[in-house]
Structures are given as structure tokens and as C-alpha cells.
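Tertiary structure, described
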Amino acid sequence: MSQKKVARLRRASRTRNRIRRQGVLRLCVFKSPRHFYAQIIDQNVGQVVVSASTIEPDFKKQYANGGNIDAAVKLGARLADKARAVSYTHLTLPTILLV
């Protein structure tokens, strides 16, 4: 493995450990060229609490293109609504972004 990749994985591990110690939820977002996928993960049990994506049938009916900025904004609002529905209001954003 290259030095660059090892350093990136070490930073990611450190961030996840810090979030686990804080006991808060973690937001994980993946973007493909055509769609967005977002999950809220409970680090204490290692389980996805809430998820949303632009490939869900309800979302596809309302928005034709799932890979643009407008879709990302709407997906964030949808994820927040789902999180509020199960009474989760606080979460942490990891500071490491993978490009």
C-alpha cells in the first residue's frame, strides 16, 4: 500500500474513533456520477439508523436527475425529515473527505 493511502486510512480511523468516543451519530455520504446515497450511522452499535438515496422510487418520481446539486439539497432535507421522525437531532460530520 502506498504511503498516501496508509496516511489517509489512519486519519479516517482516528476520526471514526473520535466520533465513537463522543457517542454521537455519524453522517456518511457517497456520491456517484448519477446518484447520492446518505446514511446516519450509530457508532456505538455499528448500525445504520436512517438512510436515503436518490434511487428511492419516491425521490425518482419527483426529481428526474439524481446527481446534481438540487438533488443533493433535497436528499439532505429528506434525510433530516427521516432522522427527526425517529427522534434523532444531533450528529457529527467526519472531517475527512475522500476524493
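Refer to the preceding data block for the structure.
Scope of this entry: the structure provided in the associated data block.

Procedures and definitions
- Residues numbered from 1 in each chain as written.
- Predicted model: local features only at pLDDT ≥ 70, side-chain atom pairs only at ≥ 80, totals over all residues.
- Heavy atoms only, no water.
- Pairing = 2+ DSSP bridges.
- Helix = DSSP H or I, 4+ residues; strand = E, 2+ residues; numbered from the N terminus.
- Expected span 1.5 Å × (residues − 1).
- Buried < 20%, exposed > 50% of the residue type's maximum accessible area, 1.4 Å probe, protein only.
- Arc of directions from axis to C-beta.
- Contact = heavy atoms within 4.5 Å.

The next subject is the pairing of strand β1 (residues 25-31). Pairing analysis gives 7 bridges linking β1 to strand β2 (residues 36-42), with the strands arranged antiparallel. Within β2, the position partnered with L25 by the bridge is D42. Between β1 and the antiparallel strand that follows it, β2, lie 4 residues.

Across its 17 residues, helix α3 (residues 69-85) extends 25 Å between first and last C-alpha, which sits within 8% of the 24 Å expected from 1.5 Å per residue. Of the residues making up α3, those classed as buried are A71, L75, R78, L79 and A83. One side of α3 holds all its buried residues, which, seen down the axis, span an arc of 135°. Away from the buried face of α3 by more than 90 degrees, exposed residues I69, D70, V73 and R84 are located. Check the buried side of α3 and you find it contacts β1, β2, β3 (47-53) and α2 (57-62). Just downstream of α3, S87 is the residue with a positive phi angle, here 60°.

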